[in-house]
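Here is how the chains run, residue by residue.
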Amino acid sequence: MNPGAARMSLDCRRRLLDLAEREGFLVIEDNAYGFTAAAGAELPALKALDTARSVVHVGTFAKVAFPGARVGYVIADQPVGSARGGTVLADELAAVKSMVTVNTSPLCQAVIGGMLLEYGGSLIELSRRTSEIYQRNLTCLLDALDRHLGDGSHPGIGWNRPCGGFFVRVRLPVPVDAALLEVSAAGYGVLWTPMRQFYLDQAGDQQLRLSCSYLDPERIEEGVRRLTAFVSEEIESRSDSGSGG
């Protein structure tokens, strides 16, 4: 769901795993946002479907506990070498990490461990309240976009409808770059991320990404109202100018 606010279907996940097994490559799965899926819309992680040890699963407690902890985990059960006493990739990664970062803070690890123990060791239960907040915020953001920008009066503007996470991609009829972001931030008090930096081609040149992770519904509503003013006053005038009208 990051950075594109989209997710891979179950069929695509299985086909990817089949391809990985057939061609002999590893898939790195960063599952920081999987817990945000709405009830009934959950999909199994790639690692849960992996029968050939083709997936290295990377997770974090930053989204479900608190960001400052900087504590995560890796599930890497791939065997490394036949003459190394049953070593798996996870052991090799741990050794490399100890050389690079010395050690993750024991205090941060203890805090995360305590939070997990409080919920019976269940990451699902630990993340439930945070997931509900993210789901609420995403619903608020989509509803506000529908009300303010979805009436058909802003041609060339649209957005996707994610099943989870807290990002929404908005498509504009003009190039979306740092200069446009500066206008939005300085003139309208709205920050967003240009999507072009996530692509190797031009696919993201006219897209921006909105985030609603830590905002309350009132601020989301206000943000979309300001975004609408930005679209109406700046984007439409630039679009008209570019068309030679």
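Everything that follows concerns the structure shown earlier in this document.
Source: prediction; values computed, not measured.

Trainee: Explanation requested: the overall build of the chain in the structure shown.
Mentor: On a plain count of helices and strands, the chain comes out with seven helices and seven strands. Listing the helices and strands of the chain from first to last along the sequence gives α-β-α-β-β-α-α-α-β-β-α-β-β-α. Every one of the 245 residues in the chain was classed for burial, and the buried ones make up 34%. Relative to all contacts within the chain whose residues are 6 or more apart in sequence, the contacts with residues 24 or more apart total 63%. Entry remark: accessible area of the chain is about 14000 Å², with carbon and sulfur atoms responsible for 55%. Within the chain, the 29 negative side-chain charges are centred at a point lying 3 Å from the centre of the 24 positive side-chain charges.

Trainee: Teacher, can you tell me more about the environment of aspartate 18 here?
Mentor: Structurally, aspartate 18 can be placed in helix 1 (residues 10-23). Between the C-alpha atom of aspartate 18 and that of aspartate 205, which follows or precedes it by 187 residues, the distance is 32 Å.

Trainee: When you look at the packing of aromatic side chains in this model, what are you seeing that I'm missing?
Mentor: For the structure on display, the rule yields eight aromatic pairs. On the basis of an interplanar angle of 75° and a centroid distance of 5.3 Å, the ring pair of tyrosine 33 and phenylalanine 166 is categorised as edge-to-face. Of the two residues, tyrosine 33 sits in the loop between strand 1 (27-30) and helix 2 (46-49) while phenylalanine 166 sits in the loop between strand 4 (158-159) and strand 5 (167-171), which places them 133 residues apart along the sequence. The pair tyrosine 33 / phenylalanine 166 is uniform in exposure class, with both members buried. Ring geometry for tyrosine 134 and phenylalanine 166: centres 4.8 Å apart, planes at 55°, overall tilted. Of this pair, tyrosine 134 sits in helix 5 (residues 123-149) while phenylalanine 166 sits in the loop between strand 4 and strand 5, and the two are 32 residues apart along the sequence.

Trainee: Any chance you could explain the pattern of salt bridges here in plain terms?
Mentor: Opposite charge on two side chains lets them pair, provided their charged atoms get close. For the structure shown, the criterion picks out 10 salt bridges. Between glutamate 221 and arginine 147 there is a salt bridge, with its nearest N and O atoms 2.7 Å apart. Highlighted residues: glutamate 221 in helix 7 (residues 217-242) and arginine 147 in helix 5, separated in sequence by 74 residues. Exposure remark for glutamate 221: the relative accessible area of 27% places this residue in the partly exposed category. A salt bridge links aspartate 205 to arginine 196, with the shortest nitrogen-to-oxygen separation between them at 3.8 Å.

Trainee: Teacher, can you tell me more about the sheet that holds strand 3 (residues 72-75) here?
Mentor: In a beta sheet, neighbouring strands pair by backbone hydrogen bonds and run either parallel or antiparallel. The three strands are arranged 1-2-3 in an open sheet whose pairing can be described as mixed. In the strand order of this sheet, the two ends are held by strand 1 and strand 3, each with one partner. Mean inter-strand twist for the sheet, computed between neighbouring axes without regard to direction, equals 15°. Note that strand 2 (residues 55-60) and strand 3 share four bridges and pair antiparallel. Within strand 3, the residue paired with histidine 57 across the bridge is isoleucine 75.

Thresholds, definitions, all that
Position labels on residues start from 1 in each chain and follow its written sequence. Only residues with pLDDT of at least 70 are given local features in this predicted model, and only at 80 or more are side-chain atom pairs given and counted; all residues enter the totals for whole chains, interfaces and linings. With hydrogens and water excluded, all non-hydrogen atoms of the structure serve as input to the side-chain values. Each helix is a run of DSSP H or I of at least 4 residues and each strand a run of E of at least 2, with the numbering of both proceeding from the N terminus. The buried label applies to any residue whose accessible area, calculated with a 1.4 Å probe on protein chains only, is under 20% of its type's maximum; exposed applies above 50%, and partly exposed to all values in between. Should any heavy atoms of two residues lie within 4.5 Å, those residues are counted as being in contact. Each accessible area value is a Shrake-Rupley result obtained with a 1.4 Å probe; residue values ignore everything except the protein chains displayed when judging cover. Only four residue types enter the tally: Lys and Arg on the positive side, Asp and Glu on the negative side; His and the chain ends are excluded. In this description, the location of a charge corresponds to atom NZ of lysine, CZ of arginine, CG of aspartate or CD of glutamate. Note on ring pairs: Phe, Tyr and Trp rings are taken, using the six-membered ring of Trp, and paired if centres are within 6.5 Å. Classes follow the plane angle, with under 30 degrees stacked, over 60 edge-to-face and the rest tilted. Salt bridges are defined by distance alone: a side-chain nitrogen of Lys or Arg within 4 Å of a carboxyl oxygen of Asp or Glu. Think of it this way: DSSP has to see at least two bridges between two strands before they count as a pair. Between N-to-C directions, angles cover 0 to 180 degrees, with each direction set by a line fitted to C-alpha atoms, over the stretch in contact for helices.

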